[in-house]
Amino acid sequence: MRHLTLIKQICATVVTIVLIIIMFPHKSHGTHYDYALGAFWKSNDLYAPFDFQVVKDAEQKANDLALAKSKCVLFYQPDSNAHTTAIQRLMKLRLPSSQHNALRKSIDSIYKIGYIELADEYPDVQNHTIVILTGNSGTEHKPSEFVLPTSLSDALLIDSILAPSLKFDNTRTQLELDSRLSQLSYTSQVITTGQLIVAKGELVTPEKVAMLSSLEAENDKRFIEQYNPYAHYIGRFMLCAIAFAALFMFLKVTHHRILDSTTNIIIVLTTILLMTLSMSLVMQVRSTWF
C-alpha cells in the first residue's frame, strides 16, 4: 500500500513538471533589445559580441536595384527582313498615291538609320547603352543613333507599317542584369567584435537601428543554429525535477506527515501549478502590451 502511494505521488509530480514545462513561454529567438527610433538608449553601452554585417534596409536595396537596372546594357538583334515587311504592309493599304509615295520615302529613310524596338522593361531606353549583336560579337551604340517609336509622329507608320529592324534581346539583356545584380552588396558595413554600437543615453538614429536590427538578426541565426529542442526540454525537466526533489526533502524534514497522504501532495502540486499558470499569463500579457 505504501509503495502504491509513492508511485501515485511520483506520477503526479512528473505530470506537474510536464505541465509546468508546457505552460512556461519558450524562447524562439536570440537576444533582442529594447529601443525605438528617435529615442535615447536606456541600457548600458552595447558592444558587438562578435563580427557581423549591417544589412541594408528595403529602401536601400530598392535604390541599388534601380541603379543597377538603369546602368544595364541593352542587347539588340538586327532583323534584315524588317524593311521588306514594312513595304509589304504598305502595299496592302489602300492609300492615295501621293500619301503612298511619301510613306515609302519615310520608310526607306527610317530603315537606312535603323528602327529600334522599345522594351517594356526599359521604357527609358535613351538613358542606356545598347549593343547590336552580330553573331558572337557586338558593337556599342547610343539609342539616339537610331529611330525610336517615340520620335515619330505618324501613327499609321508606328501602328500599321513599321517593324523593328533592331529587336530587343531579352535573354542576353537579362543575363547582363543578373551579372550586375550578383555584384550588389546587401550589407553597408562590417561591425567587428568589441566595437561600440550604441552608448548609454545616445540617440537612436536610423544608422543605429540598422546596426541593432542586424545584430538581432545575427543573434536569431546563431540561436537557431545552436538550438537543440531535445536538450532544451531535457534540461528544463531536470531543473524542475531538482526543484521538486528539494521541496520534498524539505517537507520530509519539516512536515513529513504531508508526504504520507497523496491528497496532500496533490494539493501542494495544484498550488504550484496555479502559481505557475498565473506567472505564465502575466509574462504573456506583458510581452503583448510592452
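All of these numbers come straight from a predicted model, not from anything done at the bench.

Helix and strand counts for the protein come out as nine helices and eight strands. Its C-alpha atoms give the protein a radius of gyration of 37 Å, more than 25% over the compact-globule value 19 Å for 290 residues. Taken along the three principal axes of its C-alpha coordinates, the protein extends 120 × 45 × 35 Å. When contacts within the protein are restricted to residue pairs at least 6 apart in sequence, long-range pairs at least 24 apart make up 82% of them. About 19,000 Å² of surface is accessible on the protein, with carbon and sulfur atoms providing 60% of the total.

What follows is about the sheet that holds strand β5 (residues 137-141). Across the sheet, which stays open at both edges, the four strands sit in the order β5-β4-β3-β6 with mixed pairing between neighbours. Edge positions in the open sheet fall to β5 and β6 (166-168), since each of these has one partner strand only. Direction aside, neighbouring strands of the sheet carry axes that sit 35 degrees apart on average. In terms of strand pairing, strand β3 (residues 74-78) meets β6 through three bridges, oriented antiparallel. Considered in β6, the bridge of Gln77 is made with Lys167. Contacts between helix α6 (residues 170-182) and the sheet are confined to β3, β4 (130-134) and β6, with β3 contributing the most and set at about 160 degrees to the helix.

Turning next to the nonpolar core. Soluble, globular proteins show a tendency: their nonpolar side chains are buried together. One finds Ile107, Ile110, Tyr111, Tyr115, Leu157, Ile161 and Leu162 to be the most contacted residues of the largest nonpolar core, which totals 15 residues. Sequence-distant contacts of Ile161, that is, excluding residues within four places in its chain, are made with Ala86, Arg89, Leu90, Leu93, Leu103, Ile107 and Leu156. Counting 14 residues, the second largest nonpolar core, distinct from the first, contains Leu74, Val125, Ile132 and Phe168.

Evaluated as defined, the whole model comprises zero disulfides. The thiol sulfur of Cys11 is not disulfide-bonded, and the nearest other cysteine sulfur, from Cys240, lies at 17 Å.

Before going further, it helps to spend a moment on the packing of helix α3 (residues 82-92) against helix α4 (residues 97-113). The contact between α3 and α4 brings their axes to 10 Å, and the two run at 170 degrees. Taken as axis vectors, α3 and α4 run roughly antiparallel relative to one another. Across the interface between the two elements, Ala82, His83, Ala86, Ile87, Leu90 and Met91 from α3 touch His100, Leu103, Arg104, Ile107, Asp108 and Tyr111 from α4.

Another aspect to go through is the environment of Leu281. Mapped onto the fold, Leu281 is located in helix α9 (residues 262-289). The class for Leu281 is partly exposed, based on a relative accessible area of 46%. Each C-alpha atom, one on Leu281 and one on Val253, is 33 Å from the other, the two residues being 28 residues apart in sequence.

This part is about α6. Relative to the 18 Å expected for 13 residues at 1.5 Å per residue, α6 spans 18 Å between its end C-alpha atoms, a close match to the ideal helical length. Residues of α6 that are buried: Thr173, Glu176 and Leu177. Angularly, the buried residues of α6 cover 95 degrees about the axis, an arc narrow enough to put them on a single face. Exposed residues lying more than 90 degrees from the buried face of α6 are Thr171, Leu175 and Ser182. Packing partners of the buried residues in α6 comprise α2 (58-70), β3 and β6.

Another aspect to go through is the environment of Ala36. Along the chain, Ala36 falls in the loop between α1 (2-23) and β1 (46-47). With relative accessibility at 38%, the residue Ala36 sits in the partly exposed group. Distance in space between the C-alpha atoms of Ala36 and Thr205 is 9.0 Å, their sequence separation being 169 residues.

Two strands pair when backbone bridges link them, and β4 and β5 are joined in this way by five bridges, in the antiparallel orientation. Following the sheet pairing, Leu133 is matched in β5 by Gly138. Adjacent in sequence and paired antiparallel, β4 and β5 are bridged by two residues, among which Gly135 carries a positive phi angle near 70 degrees.

What counts and how
- Residues numbered from 1 in each chain as written.
- Predicted model: local features only at pLDDT ≥ 70, side-chain atom pairs only at ≥ 80, totals over all residues.
- Heavy atoms only, no water.
- Helix = DSSP H or I, 4+ residues; strand = E, 2+ residues; numbered from the N terminus.
- Rg over C-alpha atoms; globule rule 2.2 N^0.38 Å.
- Contact = heavy atoms within 4.5 Å.
- Areas by Shrake-Rupley, 256 points an atom, 1.4 Å probe, with all protein chains shown as cover.
- Pairing = 2+ DSSP bridges.
- Axes fitted to C-alpha atoms, helices over the stretch in contact; angles between N-to-C directions.
- Core = buried A, V, L, I, M, F, W, Y, C linked by side-chain atoms within 4.5 Å.
- Buried < 20%, exposed > 50% of the residue type's maximum accessible area, 1.4 Å probe, protein only.
- Disulfide = S-S within 2.5 Å.
- Parallel < 35°, antiparallel > 145°, perpendicular 65-115°, else oblique.
- Expected span 1.5 Å × (residues − 1).
- Arc of directions from axis to C-beta.

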